[in-house]
Amino acid sequence: MYADDPKTLVSTEWLAEHINDADLRILDASWYLPDAGRDGRAEYDAGHIPGARFFDIKEISDHRSDLPHTVPPVEKFMSRCRAMGVGDGHQVVVYDGAGLFSAARVWWLFRLMGQMNVAVLDGGLPKWIADGNAVTTDAPNIKDRHMVVDRQGDLFKDVTQVASASKLGDHSIIDARGPARFRGDAPEPREGLRAGHIPNSKNVHYATLLNDDGTMKDVPALRTQFENAGVDLAKPAITTCGSGVTAAILSLALERMGHPQHALYDGSWAEWGMYPDLKIATGE
């Protein structure tokens, strides 16, 4: 068993022990792909970890963008967090209903905004329930809390920066999508996107970083997955996926591994696959 780290990953045992801490804020960040047939908000309303607020990934995004759930403006992030009673001095724990899926995106988003005391609940709501812990339908008691945002630009990459990295080969670009989508053998779930991957990227399917119970593998096993995929861990890393959600699982794993420099490509394949002037690769 790993040691709990309130800046990356905590166990259900840790959360059960700290759930009544005055400075703890729990966020349900459940979000699912359209073909999953699941509604994160409806599931939250039906039962959530006591004290949890619902973090709506789709709503707390930049609605001026044509891309799905991209990083929100700083002011919007601050106002939404304040409305949830989340602010400076809080220890945040994020979970989701899949185990470890969309929660990592919100972990990354908080870090992007300079809030470093944030962790993902390992195994999420399924493990919380499996371990015999209670859920509730009660709404949390919310009090406003001010938040200062210090945006960490080095955690974010745009399409121009990724195109440069792809051409120069000075970063390890790591794609979290499934192997068939990476190779271009399977169609993208979003219409109008080409099939394939960013040239010079490597494929580490996010699911290979997880155990059967939805918890994250230990650090040696994580490192093995990246190395077996041909990722050069000596280079700065850029994580990518379909729309910037599961890429954050790779980012969380890299942080657990102590990788000194990693950033997330927010537009991911939803952006890259849309523009015909951007080169794509197929196959392994």
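Further up the page is the structure itself.
(A) Geometry of the layout of surface pockets. Estimates place the volume of the largest pocket at around 330 Å³. Residues that form the lining of the largest pocket fall into these classes: 7 nonpolar, 4 polar and 6 charged. Roughly 190 Å³ of volume is contained in the second largest pocket. Forming the walls of the second largest pocket are Ile19, Asn20, Asp21, Ala22, Leu24, Arg25, Ile26, Pro50, Gly51, Arg53 and Asn141. Sort the elements by how many residues they give to the lining of the second largest pocket and strand β2 (residues 24-28) lands first, with 3 residues. Grouping the constituent residues of the lining of the second largest pocket by class yields 5 nonpolar, 3 polar and 3 charged.

(B) Quick look at empty space enclosed by the protein. What the rule picks out here adds up to 1 cavity of 30 Å³ or more. The space that makes up the largest cavity amounts to roughly 40 Å³. Around the largest cavity sit Phe55, Ile57, Ile60, His69, Thr70, Val71, Pro72, Arg105, Val106 and Leu109, which together line it. A breakdown of the residues in the lining of the largest cavity according to their chemical character gives 7 nonpolar, 2 polar and 1 charged.

(C) Just the sheet that holds strand β4 (residues 91-95), in detail. An order of β1-β5-β4-β2-β3 is seen for the 5 strands of this open sheet, with the pairing classed as parallel. Each edge of the open sheet is held by one strand with a lone partner, namely β1 (9-10) and β3 (53-54). Where β2 lies against β4, 5 bridges are found, and the strand directions are parallel. From the neighbouring strand, Asp28 faces β4, where its bridge partner is Tyr95. Docked against the sheet, helix α4 (residues 103-112) engages β2, β4 and β5 (118-121), running at close to 175° with respect to β5.

Calculation notes
- Residues numbered from 1 in each chain as written.
- Predicted model: local features only at pLDDT ≥ 70, side-chain atom pairs only at ≥ 80, totals over all residues.
- Heavy atoms only, no water.
- 1 Å grid on protein atoms, 1.4 Å probe; cavity = no way out; pocket = protein on both sides within 12 Å on 5 of 7 lines; lining within 4 Å.
- Points joined across faces, edges and corners; volume = space filled by probe spheres on them.
- Nonpolar A, V, L, I, M, F, W, Y, C, P; charged D, E, K, R; others polar.
- Helix = DSSP H or I, 4+ residues; strand = E, 2+ residues; numbered from the N terminus.
- Pairing = 2+ DSSP bridges.
- Contact = heavy atoms within 4.5 Å.
- Axes fitted to C-alpha atoms, helices over the stretch in contact; angles between N-to-C directions.

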